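Reading the structure
Chain residues, written in single-letter form:
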Amino acid sequence: VSAHERADGATATAAELAAQHLDAEIGAVLIGDALAAATGFGAVGLVHAHDDEVDLPGLGRCWVARAEWDADRRARLVVARRGTPFDADERMSLTGMARILELALHGVAAVGAEQMLRERHRLLEVLLDIQRSISHRKPLADVLAAITAGASGLLGGCPVALVLDDPLDPERPIVAATTGGGERS
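Since this is a predicted model, take the numbers as computed values, not measurements.

**Some points on the nonpolar core**
- Judged by nonpolar contacts, the single largest core of 21 residues is most densely connected at Val 29, Trp 69, Leu 77, Val 79, Leu 94 and Leu 101.
- Ignoring sequence-local partners within four residues, the contact set of Leu 77 consists of Ala 14, Ala 15, Ala 18, Ala 28, Val 29, Ala 65, Arg 66, Ala 67, Trp 69, Leu 94, Met 97 and Ala 98.
- Leu 30, Val 54, Val 64 and Ala 80 belong to the second-largest nonpolar core, a separate cluster that totals 14 residues.

Next comes the structure, spelled out in structure tokens:
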């Protein structure tokens, strides 16, 4: 679960592993009234199920166990199986799995926040470089090159062209600067 870099991967893995570990036909991660991830057929029937025993389409009567990890969002890990009800040890195991999922999702969120901060920092560096070029009265070609190089860097090295309208001929745009193999730089 914690190996995933995205929440959807972590929740899908948690649902699958919980179902496997508890010998359940269905494993699901529910956030409020939304099914965030599921394995097995009939998981949609678990969204509004509040009892320990439910009748699920295609499966019939199933025993349900759930473990909540975020009461504000009503986030919970839910499993359902036919046959025998879940015992106390299985419910404790499910609670542990839900806690692990919670930690994994916090980790994913922290990594995402850190990545966003790094991207903002890179954007600020690019803007400061452009501002510095302007304030030092560098030639216009250098300022335009800084703009395209900065945009290319923020886009992961993609080619960038800065195209301006020609005030004398609106039908013919002017390519003011390019990166990535363009004619001008």
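More follows now that the structure is in view.
**Regarding the pairing of strand 5 (residues 75-81)**
- Among the seven residues in strand 5, seven count as buried, and that is most of the element.
- A two-sided burial pattern is seen for strand 5, the buried positions comprising Ala 75, Leu 77, Val 79 and Arg 81 on one face and Arg 76, Val 78 and Ala 80 on the other.
- Looking at chain direction, strand 1 (residues 26-31) and strand 5 are connected through six bridges and run antiparallel. Across the sheet, Val 29 pairs through a bridge with Leu 77, a residue of strand 5.
- As paired elements, strand 4 (residues 60-70) and strand 5 share seven bridges and run antiparallel to each other.

**Overview of the layout of surface pockets**
- Looking at the largest pocket, its volume works out to about 200 Å³.
- Counting only elements with at least two residues in the lining of the largest pocket, the list comes to helix 1 (7-21), strand 4 and helix 2 (88-135).
- Of the residues contributing to the lining of the largest pocket, the split by class is seven nonpolar, two polar and four charged.

**Looking at the sheet that holds strand 4**
- Spatially, five strands are ordered 2-1-5-4-3 in an open sheet, and the strand pairing comes out antiparallel. The two strands at the open ends of the sheet, each matched to only one other strand, are strand 2 (34-39) and strand 3 (53-56). In this sheet, neighbouring strand axes are inclined to one another by 30 degrees on average, regardless of whether the strands run parallel or antiparallel.
- By the bridge criterion, four bridges tie strand 3 to strand 4 in an arrangement that is antiparallel. Among the inter-strand pairings, Val 54 is bridged to a residue of strand 4, identified as Cys 62.
- Against the sheet, helix 1 contacts strand 1, strand 2 and strand 5, and its axis sits at roughly 50 degrees relative to strand 2.
- Packing of helix 2 onto the sheet brings it into contact with strand 1, strand 4 and strand 5, and relative to strand 4 it is tilted by some 45 degrees.

**Things to note about a nonpolar patch on the surface**
- Together, Leu 123, Leu 124, Leu 127, Leu 154 and Leu 155 line one region of the surface with nonpolar side chains, adding up to about 440 Å² of accessible area.
- Counting residues per element, the nonpolar patch draws most heavily on helix 2, which supplies three residues.
- Relative to the assigned elements, Leu 124 resides in helix 2.

**Thoughts on the packing of aromatic side chains**
- A full pass over the atoms with the stated rule returns zero aromatic pairs.
- The ring of Phe 86 has Arg 81 lying over it, and the distance from NZ or CZ to the ring centre is 4.1 Å.

**Quick word on the side chain of Asp 166**
- Topologically, Asp 166 is positioned in the loop between strand 6 (161-164) and strand 7 (174-178).
- Buried charge without a partner: Asp 166 forms no salt bridge, and the closest opposite charge is Arg 172, 5.7 Å away.
- Of note is the side chain of Asp 166, whose polar atom sits 2.9 Å from the backbone nitrogen of Leu 168.
- In this structure Asp 166 touches Arg 172 and Ile 174, once residues within four positions along its chain are discounted.

**Remarks on helix 2**
- Taking 1.5 Å per residue, 48 residues should reach 70 Å; helix 2 reaches 70 Å between its end C-alpha atoms and fits that length.
- Among all positions of helix 2, only Glu 90, Leu 94, Met 97, Ala 98, Leu 101, Glu 102, Ala 104, Leu 105, Val 108, Val 126, Ile 130 and Ser 133 are buried.
- The elements touched by buried residues of helix 2 are helix 1, strand 1, strand 4, strand 5 and helix 3 (140-154).
- For helix 2, the N-terminal cap is Asp 87; the gap from its side-chain oxygen to the backbone nitrogen of Asp 89 is 3.1 Å.
- Looking one or two places after helix 2, you find Arg 137, whose phi comes out positive at around 55 degrees.

Cut-off values and rules
Residues numbered from 1 in each chain as written. Predicted model: local features only at pLDDT ≥ 70, side-chain atom pairs only at ≥ 80, totals over all residues. Heavy atoms only, no water. Core = buried A, V, L, I, M, F, W, Y, C linked by side-chain atoms within 4.5 Å. Buried < 20%, exposed > 50% of the residue type's maximum accessible area, 1.4 Å probe, protein only. Contact = heavy atoms within 4.5 Å. Helix = DSSP H or I, 4+ residues; strand = E, 2+ residues; numbered from the N terminus. Pairing = 2+ DSSP bridges. 1 Å grid on protein atoms, 1.4 Å probe; cavity = no way out; pocket = protein on both sides within 12 Å on 5 of 7 lines; lining within 4 Å. Points joined across faces, edges and corners; volume = space filled by probe spheres on them. Nonpolar A, V, L, I, M, F, W, Y, C, P; charged D, E, K, R; others polar. Axes fitted to C-alpha atoms, helices over the stretch in contact; angles between N-to-C directions. Patch = residues over 30% accessible without salt bridge, like charges linked within 9 Å, V, L, I, M, F, W, Y side chains within 5 Å. Areas by Shrake-Rupley, 256 points an atom, 1.4 Å probe, with all protein chains shown as cover. Salt bridge = Lys/Arg side-chain N within 4 Å of Asp/Glu carboxyl O. Phe/Tyr/Trp six-rings, centres within 6.5 Å; stacked < 30°, edge-to-face > 60°. Lys NZ or Arg CZ within 6 Å of the ring centre and 35° of its normal. Lys, Arg positive; Asp, Glu negative; His and termini not counted. Polar contact = N/O pair within 3.5 Å; in protein donor to acceptor, adjacent residues only side chain to side chain. Expected span 1.5 Å × (residues − 1).

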